[in-house]
Amino acid sequence: MEYNCVIGIAFTVALMAGPGLTPSEMAKRDSLLQVLEILRGSPSPHTDELLTKLHGLVTNLSWSPAEVIQLFTSLLKRFDSKETKDNLHLWMLKILHSVEINYITPNWKSRKSLIDMIQDTTVTDEDLQKILGADLDKTLDEIINEIEQQKIVNKTLLNSAKKIVYEVLNSQIKHSLTHVLQRLVTAVKKTMKMTPRLTQMVSWALMALSEKGRLIQVSTGEGKTCIVAMFAAYRALQGHSVDIMSSSPVLAERDFREWQSFYRELKISVSCNVNKMKTDLKECYKSQVVYGTAHHFAGDWLRQHFGREDIRSDRSFQCAIVDEVDSLMLDKGCHTVYLGSEMPALQHLNPVLALIWHTVNQYTQTNSFILGSKALFHQVALESLSLGEEDTFTLLKLAELSGLIEEGSANALQQDKIIFSQITTSITPEKLAAFFRKIEAEYKTCHFILYCQNNDSIKKMYESPQPNDSRTTVSLLLHSGGLCQYIYTDRDSLLRAVKSEITSNLCFTPCDQRHSRTKCYVPGFLRDLVECKMEDWIENALHAQNMSRDHEYVVERHGVVPVDFSSTGVLENSMQWIDGLHQFLEMKHQNKLSDMSSITNFMSNVGLLHMYKDQIYGVTGTLGQKVETETLQKIYNGITACYIPTFKRRKLFEVEGVIVNNEEEWLQKICDVIRAQTRSTVYRSERAVLVICETIKRAKALHQALGDSVQDKVLYISNNMDNRPVTDKEIPAGKVIIATNLAGRGTDLRVSASVKSAGGLSVLQTFLPSNARVEAQAFGRTGRQGSPGSAQLIICSQHLPETLQLLVLGRGLLSLLRNLVSPVQLYRDCFERQLRSRFSGQDNGLSKTLAEILNNATDTGIKLAKRVRDESVTEKLNEYLESIVPKMKKKQDLFSQYLDFINNFYQRSNNNPAESDVTALHEFWGLWLLMNDINEGQSDVLKTKLASDLERARESVSNRQSPLSNLHHYTLFGNKLLENGHFEASIHMYSKAIELDPCWAAIALYNRAFARLAQHNNKQDPDCIEQALHDLQQALKSVELYCRQQDLVYTYSKAHLEAVPMAGLTRFDHHQNIRCKVFLWLRKNIEEGLGKLTRARNIGGHVKVEKHLVLFMAPVYEYLPSLLLTSGSLSVLHSRDQLGMQQLITHSSFDIFHELESLKSLGLTDVFVLDTRFSLVGFFSKIGKSFGS
């Protein structure tokens, strides 16, 4: 039948091929040609795309399958009614694309519903497109009704807000707040050249009417900055001081500059606390309104109350307005600001950290086990059996008996250990197994499990039945040549092994220093700290091994920088990890090794906001789900929340997300989508694409994968780069921005008119965000202010948490099985044939086939992944609320207690205590925090203990004693006394330091020697000269210990690089070189002093002591690089650019200043130069003594 139909149509067309046809006949002929093409069986290349669009209405626009079928049928009828026939597929795709980009839901109405307008043949296609793309503002009633439907805002309050806005719109000033709002609106119009939108005025009214704090969700791009400025001005006009907390320093400065004229118009003083010098900050906080970040507000409070700098004066916490309030209160609620508190003595821990790093790098991770370093069989046996070196011969005799080594080898090895390598050459794993079975039976203290290497796998060779007694289980991997490796099957056993190896190489001074030169020597006063924190340091060393560059951190010019990759993507330049983690990463990448510091002051974001009590107001584009707002309301009592509608209908089209199985497929899928979006189609022109990746590493991988297939692409991955070409310019069609979360929250991207008409910016999120708010922030970069846009998740299952991977894999297998038996593809083929064979006005079964397709949707697993993610967020929020926040509060309370103690200490000292006393107390408090389990201890118990311990520390300081028994404190005490001319008292203090720990008393010995000489300057007697000589000789020995330990730091820190040598000098090399030089210069100064004192003693003379700054210890040429760098960086100094300043002061040219300052903090405040003077009396006295002897 179909064949006969084709013949008939072809014949008719042939008859109509001649000239002289009327327009109507020509149209009929063209229509017949189209039908003929269909019936011939040529499939349309756009059928799959058409079905995708129709399916997208169900998955992404809340259309039901029945509603889509009704729409499709209406479109067919409209097409049939057209006089001039277009290509059906292309015509329908254009209409559906318009429906999609303008986010037309089944409930959408203009004058009529969409289907009614399609069925209305008086509405042209052009008019239909214009109606769908209409961009109208909502009315006040529509906005109020949408808020009312939330049922979370008091109706009376909402009506009052409506009345205030209505009165302003109609210039009917009846309410006092109406007058204020009118004044504010007028000021905005005059200074900002814009009129506040209805949504902004409603938001302002709701905040102004709220007696207690209120959080408002205002969609991205809806003008939060204007709302903040208007509300801040209102509170300032009421006489309150207002602190506006922006999400970044850049935004704080931008908003301050942009709105400065607005405040000036209202005669309100305003400033910004970012990039200010101390004197400028004091003026800043006198302003009624201060812009800044939580980091700066907290830091300035700490400078006022801990650093005792007059910055905030008497400014109180009256009103806080927080931008991106959910980020600050939830994602960054735990973030803590602290002022740097260097504890010089902690540099003694660098060799320990280097030893830990070296040790953990001796262990190798396999698929099933962790392997220790290789060792000879007898050493492993001695250690496993807890025997001493004296038992070596006994074990070697057992080795002979087991056949491991030849008879007589034990005696030969006793005589000459060098031949060990010759004897062990022929030892096989099988022989080693026999040896360990022999000693297992002989000693009965170990239960051995023995393995050997079989190609690339490890297989078990031997395991005896587990005995009933308490034997220690030891797992070993046996190698040829008599070598063995410990095998660890769990993390606890690994930690025990690492800790045991490290502690065996630690010595606490004072002690005999004649041990192995590979031992680490640590001052005894740090013993408790080392033993308390050892496991934490080991854990962090293991963690550092597994951390990835360009994921959790980056390596910048100024060092290792943490990345907030899960939330904001920001490089946190001023942050350092604690408990050695930062130092391990510095060793890993051979960066400058920083000293650990003690945290003596801190302020969390939660603690800062609590100071404002119930006067916290905030705006954000994403308040989140109910559980998140409830969490905020529990932490901040009395705070309420509400959601403000967009001022225009939002047109964000969310494409159904996909989960792919592996990284290669994931990259390919993203590249395919990018290329599809940046190429024009028959129904739209090119679009622009923003791709948001989870990490910098993956962003770079995607950039590389795109290659030359996309020419106009750019990376937006670091806030340390100049990103103005991305953020300040209009994004043209075809542009691809590959970014991290840095391009999410707070980033305003403008697209060209052609991109808008093509469907707006396409956002691809290539990972499952940590919560729905982060996801919404990313999607909020498009579809703003009534403009169209689309967003899609494309996720790799391998990047998901392990538990979620299993769930998604299970769902994927189930979906695969369904697809194997699913008739969807058959229905799609059928739909294609039916559409080709359809005659005008006929349904031909199309509706039924389409229904089958739409009702057999494929499950991508996205919904499951999001649901599990959201459940995880709920658990995390519960932990945050019930555990983390109480712990932060407990720690903050202890800090408040310490501040009260310090204030009292200052009062007792007439507000002028000795700097060394305050330093000693701060260090005591810092170590107290490190060594007491704040998280687990009861608050009252901790407070009582702290009060008692602080009182003892105060008594110690009052008695000129170190509360930590820190020898360096006594050196600093002595320096203060020497500075005031109290020679005997200073010598007494230096002597205390020396008695406490002579091993590390180089500076105390040095200072004591010169204090004695200076006490009798130019008039020293021989005893004085002898005492000074002895002190300098002992100081020289102590300096040698410093140098040896510095060599250990260098050796241990670089051991892991032996397999992968680094070309040239690293930043680590340069820093360690300078640190060694400083001690060499000190040694040279001591040696010169010894030489002149020896000469004075030999000739019976005396010496003149001259005091110089420590800087004079280094040769002048060492300072030239820093001088040249500074002169070339004047623009950075003048700009007060924080990043530029940080990069400048951490440059290698300034290492010399830092290291000399480090010595100064240990007590070397000055260096001394001697001039030998001849004394005739002394000379004859010397001769007389010689004759007398």
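Positions within a chain are numbered from 1, following the residues in the order the chain's sequence is written. Only residues with pLDDT of at least 70 get local features here, since the model is predicted, and only at 80 or more are side-chain atom pairs given and counted; chain-wide, interface and lining totals rely on the full set of residues. With hydrogens and water stripped out, all remaining heavy atoms of the structure feed into the side-chain values.

- As annotated in an unreviewed UniProt entry, the chain carries the name Protein translocase subunit SecA and is attributed to Mugilogobius chulae.

**Here's the deal with the overall build of the chain**
At step 1: Counting secondary structure elements, the chain contains 48 helices and 27 strands.
At step 2: Dimensions of the chain, computed from the C-alpha atoms along their principal axes, are close to 145 × 90 × 60 Å.
At step 3: Residue burial is assigned from relative accessible area. The probe radius is 1.4 Å, only protein chains are included, and a residue is buried under 20% of its type maximum, exposed over 50%, and partly exposed in between. Counting the 1189 residues in the chain, one finds 53% classified as buried.
At step 4: Intrachain contacts of the chain at a sequence separation of at least 6 include 73% that bridge at least 24 residues.
At step 5: In this description, accessible areas are obtained by the Shrake-Rupley approach with a 1.4 Å probe, and a residue is regarded as covered only by the protein chains that are shown. Split by element, the accessible area of the chain, about 54,300 Å² in all, is 51% carbon and sulfur.
At step 6: Counted as positive: Lys and Arg. Counted as negative: Asp and Glu, with His and the chain ends omitted from the count. Taken as the charge centre is NZ of Lys, CZ of Arg, CG of Asp or CD of Glu, depending on the residue. Charged side chains of the chain number 133 positive and 134 negative; the gap between the two group centres comes to 5 Å. In DSSP terms, a helix is any run of H or I states spanning at least four residues, a strand is any run of E spanning at least two, and both are numbered starting from the N terminus. Any pair of residues with heavy atoms lying within 4.5 Å of one another is described as a contacting pair.

**A word on the pattern of salt bridges**
At step 1: Whenever a carboxyl oxygen of Asp or Glu lies within 4 Å of a side-chain nitrogen of Lys or Arg, that contact is scored as a salt bridge. Enumeration over the complete set of coordinates arrives at 55 salt bridges.
At step 2: The shortest N-O distance in the salt bridge between D748 and R784 comes to 3.3 Å. Placement of D748 in the loop between β23 (736-739) and α31 (753-758) and of R784 in the loop between α32 (772-779) and β25 (788-796) is noted, with a sequence separation of 36 residues between them.
At step 3: Accessibility expressed as a relative area gives 41% for D748, which makes it partly exposed.
At step 4: Judged by relative accessible area, which is 13%, R784 ranks as buried.
At step 5: Bridged by salt links that share partners, the residues K224, E324, D326, D331, E628, R745 and R773 form one connected network.

**A few points about the environment of T944**
At step 1: Residue position: T944 is located in helix α38 (residues 939-958).
At step 2: Along the chain, T944 and T52 lie 892 residues apart, while their C-alpha atoms are 69 Å from each other.

**What to know about the confidence of the model for the chain**
At step 1: One confidence number per residue, pLDDT, is output by the predictor and ranges from 0 to 100. The predicted model of the chain averages 88 in pLDDT, with 92% of residues at 70 or higher.
At step 2: Within the model, the stretch residues 1-16 combines pLDDT values under 50 with 20 contacts to residues more than four positions away or in other chains.
At step 3: Confidence over residues 31-41 falls short of pLDDT 50; this stretch has 27 contacts with residues more than four positions distant or in other chains.

**So, the nonpolar core**
At step 1: Take the buried Ala, Val, Leu, Ile, Met, Phe, Trp, Tyr and Cys residues and link them wherever side-chain atoms come within 4.5 Å; each set so joined is a nonpolar core. M245, I356, F377, F436, L506, L1013 and M1113 are the most contacted members of the largest nonpolar core, which has 199 residues in total.
At step 2: Once you skip the residues sitting within four places of it in the chain, I356 turns out to touch I502, M534, W537, I538, A541 and F584.
At step 3: Core analysis: the second largest hydrophobic core is formed by 59 residues, I143, L181, V228 and F262 among them.

**Some points on empty space enclosed by the protein**
It is the rolling of a water-molecule-sized probe over the atoms that shows where space remains empty.
At step 1: Every definition here rests on a 1 Å grid over the protein atoms only: cavities are sets of points where a 1.4 Å probe fits but cannot get out, pockets are open sets enclosed by protein on both sides within 12 Å along at least five of seven lines, and lining residues have some atom within 4 Å of a point. Grid points are joined across faces, edges and corners, and a volume is the space filled by probe spheres set on the points. Under the definition given, this model contains six cavities of 30 Å³ or more.
At step 2: Within this model, the largest cavity holds a volume of roughly 200 Å³.
At step 3: Q347, Y1042, Q1046, R1075 and F1079 are, among the 17 residues lining the largest cavity, the residues nearest its centre.
At step 4: The element that contributes the greatest number of residues to the lining of the largest cavity is helix α42 (residues 1022-1054), accounting for four residues.
At step 5: Ten residue types, Ala, Val, Leu, Ile, Met, Phe, Trp, Tyr, Cys and Pro, are classed as nonpolar, four, Asp, Glu, Lys and Arg, as charged, and the remainder, Gly among them, as polar. Residue classes in the lining of the largest cavity are distributed as nine nonpolar, six polar and two charged.
At step 6: Taken as a whole, the second largest cavity holds about 60 Å³ of empty space.
At step 7: Surrounding the second largest cavity, T225, V228, I244, M245, S246, D255, Y291 and D323 form its lining.
At step 8: Looking at the lining of the second largest cavity, the elements with two or more residues in it are α12 (224-237) and β2 (242-246).
At step 9: The element best represented in the lining of the second largest cavity is β2, accounting for three residues.

**Things to note about the UniProt feature "repeat: TPR" (unreviewed entry) in the chain**
At step 1: UniProt feature "repeat: TPR" (unreviewed entry): in the numbering of this structure it lies at residues 967-1000.
At step 2: With 79% helix and 0% strand, residues 967-1000 has end C-alpha atoms that lie 8 Å from one another. UniProt positions are given in the numbering used here, feature names are shortened, and annotations may be inferred rather than shown by experiment.

**Here we look at the packing of aromatic side chains**
The relation between two aromatic rings is expressed through the spacing of the ring centres and the mutual angle of the planes.
At step 1: Only rings of Phe, Tyr and Trp enter the pairing, Trp through its six-membered ring, and a pair is recorded when the two centres are within 6.5 Å. The plane angle decides the type: under 30 degrees is stacked, over 60 is edge-to-face, the rest tilted. Counting across every chain of the model gives 32 aromatic pairs.
At step 2: Relative to W91, the ring of F79 lies with its centre 5.6 Å away and its plane at 50°, an arrangement referred to as tilted. With F79 in helix α4 (residues 65-81) and W91 in helix α5 (residues 88-101), this residue pair connects regions lying twelve residues apart in the sequence. Taken individually, F79 and W91 each receive the classification buried, so the pair is uniform in this respect.
At step 3: Relative to F1079, the ring of Y1042 has its centre 5.1 Å away and its plane inclined at 25°; by these criteria the two rings are stacked. On the criterion of sequence distance, the pair formed by Y1042 in helix α42 and F1079 in helix α43 (residues 1067-1099) is long-range, its members being 37 residues apart.
At step 4: Judged by its relative accessible area of 7%, Y1042 falls in the buried class.

**Comments concerning α32**
For an α-helix the count is 3.6 residues per turn, leaving residues at separations of three or four pointing the same way.
At step 1: Burial runs high along α32: six of the eight residues are buried.
At step 2: The term polar contact refers here to a pair of N or O atoms within 3.5 Å; inside protein, the definition further demands a hydrogen-donor-capable atom paired with an acceptor-capable atom, and it admits residues adjacent in sequence only when both atoms are side-chain atoms. For α32, the capping residue at the N-terminal end is N771, with a side-chain oxygen 3.0 Å from the backbone nitrogen of R773.

**What about the pairing of β23?**
At step 1: Both faces of β23 are covered, namely the face carrying V736 and I738 and the face carrying I737 and A739.
At step 2: Each pair of strands is called paired provided DSSP finds at least two bridges between the two strands. Pairing geometry for strand β21 (residues 689-692) and β23, over four bridges, is parallel. Within β23, the residue paired with V691 across the bridge is I738.
At step 3: Pairing geometry for strand β22 (residues 713-716) and β23, over four bridges, is parallel. Bridged to L715 within β23 is I738.

**Re the sheet that holds strand β12 (residues 483-488)**
At step 1: Spatially, β7-β8-β12-β11-β9-β10 is the arrangement adopted by the six strands of the open sheet, whose pairing is mixed. Both edges of this open sheet fall to β7 (364-365) and β10 (457-463), since each of them pairs with a single strand only.

**Describing the sheet that holds β22**
At step 1: Ordered by their spatial adjacency, six strands build an open sheet running β20-β25-β24-β21-β23-β22, and the pairing between neighbours is parallel. The outermost strands of the open sheet, each flanked by one partner alone, are β20 (651-660) and β22. Adjacent strand axes in the sheet meet at a mean angle of 15° when their direction is disregarded.
At step 2: The pairing of strand β24 (residues 761-765) with β25 spans five bridges and is parallel. Every axis in this analysis is a line fitted to C-alpha atoms, fitted for helices over the stretch in contact. Angles between the N-to-C directions lie between 0 and 180 degrees.

**Looking at the packing of helix α24 (residues 527-546) against helix α37 (residues 915-931)**
At step 1: Close contact between α24 and α37 brings their axes to 10 Å; oriented N to C, the two are set at 35°. In the packing of α24 onto α37, the handedness of the crossing is left-handed. Of the residues in α37, those in contact with D528, L529, C532 and K533 of α24 are L927, L930 and M931.
At step 2: Among the residues making up the contact of α24 with α37, the classes are represented as five nonpolar, no polar and two charged. Each crossing gets its hand from how the near helix is turned against the far one by less than a right angle, where anticlockwise is left-handed and clockwise is right-handed.

**Focus: unusual backbone geometry**
At step 1: For the bond running from T509 to P510, omega is 5°, close enough to zero to count as cis.
At step 2: Mapped onto the fold, P510 is located in the loop between β13 (506-509) and β14 (520-523).
At step 3: Unlike most non-glycine residues, N1018 shows phi in positive territory, near 70°.
At step 4: With respect to the secondary-structure elements, N1018 resides in the loop between α41 (1002-1015) and α42.

**Considering the side chain of R773**
At step 1: Considering the arrangement of structural elements, one finds R773 in helix α32.
At step 2: When sequence neighbours within four positions are dropped, the list of residues in contact with R773 reads D326, S327, L330, D331, T622, L623, G624, E628 and R745.

**Some details on helix α46 (residues 1138-1145)**
At step 1: Taken together, the buried positions of α46 are occupied by L1139, G1140, Q1143 and L1144. Looking straight down α46, one finds that the buried residues subtend no more than 135° of arc, so they occupy a single side. Our arc is simply the arc of the directions from the helix axis toward the C-beta atoms.

**Some thoughts on a nonpolar patch on the surface**
At step 1: Only residues above 30% relative accessible area that lack a salt bridge enter a patch, with like-charged residues linked at up to 9 Å and the nonpolar side chains Val, Leu, Ile, Met, Phe, Trp and Tyr linked at up to 5 Å. On the surface, L1109, L1111 and F1112 cluster together to form a nonpolar patch covering roughly 310 Å² of accessible area.
At step 2: Of note, L1109 is situated in strand β26 (residues 1102-1109).

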